[in-house]
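Coordinates in review
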Amino acid sequence: MVRPLALALVLAALPALAKPPRLTLFITVDALGSDLLLRTRPKFKSGMRQLLDGGAFFPNGRYDYAKPRTAPGHTTLITGADPWRHGIVDNRVVDRSTGAPASVFKDEAHPVLEVPLSVATGGDTSPLNLMAETLGDRLRMTSRARGKVVALSGKGRSAIALGGRLGQAYWFNETVGKYVTGTWYTKEFPTWLKDFNARGLADKYFSQQWTLLLPRTEYLGEDDRSYEEEGPGLGRVFPHPLNGGLQAPGPRSYSALAASAFSNDLLVQVAKAALEGEALGKDEVPDILAVSFSGTDLVFHAYGPYSWEMQDTLYRLDRAVGELVTAAERAAGGRANLLIVLTADHGGAAVPEHWASEGVPARRLNPKELAQGLTQELRTRFPQTDITAIQEESDLYLIGKALDDPKLDGAAVRRAAAAWLAKQPGIATAVARDDLHTAPDVAGLLAPVRRGYYPGRSGDVLIVPQPFQVISSMPAGTNHGTPYSYDQQIPIVFAGKGVKPGTYLHAINAMDVAPTLAAMMEMGAPASAEGQPRTEFFSNGR
């Protein structure tokens, strides 16, 4: 009797390490680079300040593949792997059979529910192309499907990546102005989502204006800048109307809402409905609620990271995050049962004209012009061929029946394309896929390209622009997707159960997020994870 009694006493004295959090709240903020967060931090008063001051804050998070974008970024965070394993290389890839770009999560066999047929299969619809297990998939398997996984976002590609294959994913559809999902996940909306959509919250923003949250003196720089986009009827200066120029709510007004700071408030409301409707955090079996704030990215692209619009969006996001965290705490029965991570899918460049006005050697690289020049070069170099170059961000795809002719050396064509591209202004390097893994990596730029390459989906020639060169076909606004710190560096914050607060200045990889959460949830890491659990902030001996 002595030995069993002693064992029982030891087990009783141990910290509750084997008791995972009831609820893990996985928050991503689209386009929130570390620099943007750090310079905004002094103005935070609510949820963001609560997490940054009371959590384990890593300002030096980083992606180590070359093209940080929304779909691959979310997928890397939730799988712990880079695109060369999970297969999600960009938001869109070029269909070589048609030469047309297609959404990376497009799956015509699983259309979106309750939207017009013309748009039901045209965008992101299912995780069919996801080639790696997610954190939520691991939870579903480990718990024998008792643990719930719900992912919510303003974008389909964000929600689908976070929801994985075995969870649930819901996203805002700008055509119908409500949250939707695809038939991969369900054949009919759950009752809580039907009830939420029936409230018509998106329509209630129609008559509103996006005004400044704080006094004008609290905003740095100027409101009206010529290199900003006007968005879907929003205009360049405050106040921004949300009606999209319509007489009644419709697709354009829903797009205006999605591109404004108020989209984040709408997302919090649907998250609260999901917490209650799915009874998340109500028992000892762990659940995951993943929430991706997309409005920040749309504001970033149109107005840039230094704009008044971005500043105001982050001030409002601060409040939205506070409301979300409070709701999650209530659902889980307190912070002691809640684990939180807040991070970003990528950073972003300043508007190139803004950089240039400050003396930075920046420029806008038009991908259409680059592809047209390459097409002309290849048809001159290889006469009597129908080769066409199509550029999708920093990937060049070569399309044409001649490439299937055994008499034509396809590798020679791709190498010729790479040689021409490497000589163009603003291009740091270009490499044919045939040479990607063998070419000398003198400046260290090919290593991140290799980590982002997936055969059959990535381009035939991969380019890396020089620093401060922004690839964009638009005459205004900005972009992201390069292997430089303004695009790659992100904040990562852990808070809640088992977390020792503090600021941790050493580097952390975006791939470390999923394995770390898995360890804190007392389960194995996702199958293809390359990252490692970060234990320096674990409390109670973890």
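Residues numbered from 1 in each chain as written. Predicted model: local features only at pLDDT ≥ 70, side-chain atom pairs only at ≥ 80, totals over all residues. Heavy atoms only, no water.

Turning next to the pattern of salt bridges. According to the stated counting rule, one finds 32 salt bridges in the structure shown. For the salt bridge of Arg69 with Glu393, the shortest nitrogen-to-oxygen distance reads 3.1 Å. In this pair, Arg69 is assigned in the loop between β2 (56-62) and α4 (70-79) and Glu393 in the loop between β13 (388-392) and β14 (395-399), connecting sequence segments 324 residues apart. For Arg69, a relative accessible area of 6% gives the class buried. We classify Glu393 as buried; its relative accessible area is 17%. With its nearest N and O atoms 2.9 Å apart, the salt bridge here joins Glu323 to Lys272. Of this pair, Glu323 sits in helix α14 (residues 308-332) while Lys272 is found in helix α12 (residues 262-277), placing the two residues 51 residues apart along the sequence. Judged by its relative accessible area of 33%, Glu323 is partly exposed. Through salt bridges that share partners, Lys67, Arg69, Asp90, Glu393 and Asp395 make up one connected network. (Salt bridge = Lys/Arg side-chain N within 4 Å of Asp/Glu carboxyl O. Helix = DSSP H or I, 4+ residues; strand = E, 2+ residues; numbered from the N terminus. Buried < 20%, exposed > 50% of the residue type's maximum accessible area, 1.4 Å probe, protein only.)

Below, the discussion takes up unusual backbone geometry. Cis geometry marks the peptide bond from Phe238 to Pro239; its omega dihedral reads -5 degrees. Topologically, Pro239 is positioned in the loop between β8 (209-210) and β9 (240-241). With phi around 55 degrees, Arg144 is a residue other than glycine that occupies positive phi space. In this model, Phe468 sits at a positive phi of 70 degrees, which is unusual for a non-glycine residue.

Confidence along the protein averages 95 in pLDDT terms, with 96% of residues attaining 70 or more. Low pLDDT, under 50, characterises residues 1-17; the stretch is placed with 6 contacts to residues that sit more than four places away or in other chains. (pLDDT = per-residue confidence, 0-100. Contact = heavy atoms within 4.5 Å.)

So, about the packing of helix α16 (residues 367-381) against helix α17 (residues 410-422). Running from amino to carboxyl end, α16 crosses α17 at an angle of 130 degrees, the nearest separation of the two axes being 10 Å. Compared by their axis directions, α16 and α17 come out oblique. Between α16 and α17 lies a crossing of right-handed hand. Residue-level inspection shows Leu370, Gly373, Leu374, Glu377, Leu378 and Arg381 of α16 in contact with α17, the latter providing Val413, Ala416, Ala417, Trp420 and Leu421. Here the contact of α16 with α17 is built from residues that sort into 8 nonpolar, 1 polar and 2 charged. (Axes fitted to C-alpha atoms, helices over the stretch in contact; angles between N-to-C directions. Parallel < 35°, antiparallel > 145°, perpendicular 65-115°, else oblique. Left-handed = near helix turned anticlockwise from the far one by under 90°. Nonpolar A, V, L, I, M, F, W, Y, C, P; charged D, E, K, R; others polar.)

The side chains of a regular strand alternate, first on one face of the sheet and then on the other. With 7 of its 8 residues buried, strand β18 (residues 489-496) lies for the most part within the structure. For β2 and β18, the ladder comprises 5 bridges, and the chain directions are antiparallel. Residue Gly61 lies in a different strand from β18, and its bridge partner there is Ile490. Sheet topology note: the strand β11 (residues 338-343)/β18 ladder contains 4 bridges and is antiparallel. Within the sheet, the bridge partner assigned to Leu342 lies in β18 and is Val493. (Pairing = 2+ DSSP bridges.)

On to the packing of helix α9 (residues 191-198) against α12. One way to put it is that α9 packs onto α12 with a least axis distance of 9 Å and a crossing angle of 145 degrees. The two elements α9 and α12 meet at a crossing, and its hand is right-handed. On α12, the residues that touch Trp192, Leu193 and Phe196 of α9 are Leu266, Gln269, Val270, Ala273, Ala274 and Gly277. Each residue belonging to the contact of α9 with α12 can be placed in one class, and the counts come to 7 nonpolar, 2 polar and no charged.

With that settled, consider the sheet that holds β14. The strand order across the open sheet formed by 4 strands is β13-β14-β16-β15, and the pairing between neighbours is antiparallel. In this open sheet, the two edge strands, each paired with only one partner strand, are β13 and β15 (427-432). The average angle at which neighbouring strand axes cross in this sheet is 25 degrees, direction not considered. Where β14 and strand β16 (residues 461-465) come together, 2 bridges link them in antiparallel fashion. Bridged to Asp395 within β16 is Leu462. Contacts between α16 and the sheet are confined to β13, β14, β15 and β16, with β13 contributing the most and set at about 155 degrees to the helix. Across the sheet, α17 is in contact with β14, β15 and β16; its angle to β15 comes to roughly 175 degrees.

Here we come to the packing of aromatic side chains. Evaluation of the coordinates by the stated rule reveals 18 aromatic pairs. Note on Phe494 and Phe537: the rings are 4.6 Å apart at their centroids and 15 degrees apart in plane angle, and the pair reads as stacked. Taken as a pair, Phe494 in strand β18 and Phe537 in the segment after α20 (513-520) lie far apart in primary sequence, 43 residues in all. The class of Phe494 is buried, set by a relative accessible area of 0%. Relative to Phe537, the ring of Tyr504 has its centre 6.4 Å away and its plane inclined at 65 degrees; by these criteria the two rings are edge-to-face. Placement of the pair is Tyr504 in the loop between β19 (502-503) and β20 (508-509) and Phe537 in the segment after α20, with a sequence separation of 33 residues. Here the two residues Tyr504 and Phe537 agree in accessibility, since each one is buried. Taken together, the aromatic side chains of Phe58, Phe494, Tyr504, Phe537 and Phe538 make up a single cluster linked through ring pairs. (Phe/Tyr/Trp six-rings, centres within 6.5 Å; stacked < 30°, edge-to-face > 60°.)

For the rest of this paragraph, the subject is the side chain of Thr134. Along the chain, the position of Thr134 falls in the loop between α6 (117-120) and α7 (135-142). The class of Thr134 is buried, set by a relative accessible area of 0%. Here Asp137 takes part through its backbone nitrogen, which lies 2.9 Å from a polar atom of the side chain of Thr134. The contacts of Thr134, once residues within four sequence positions are left out, are Ile78, Thr79, Ala161, Gly164 and Pro526. (Polar contact = N/O pair within 3.5 Å; in protein donor to acceptor, adjacent residues only side chain to side chain.)

With that out of the way, let us pick up the environment of Arg41. Here Arg41 lies in the loop between α2 (34-40) and α3 (47-54). Sequence separation of Arg41 and Leu314 is 273 residues, and the distance between their C-alpha atoms is 9.4 Å. Residues within four places of Arg41 in sequence aside, it is in contact with Arg49, Leu52, Asp53 and Phe57.

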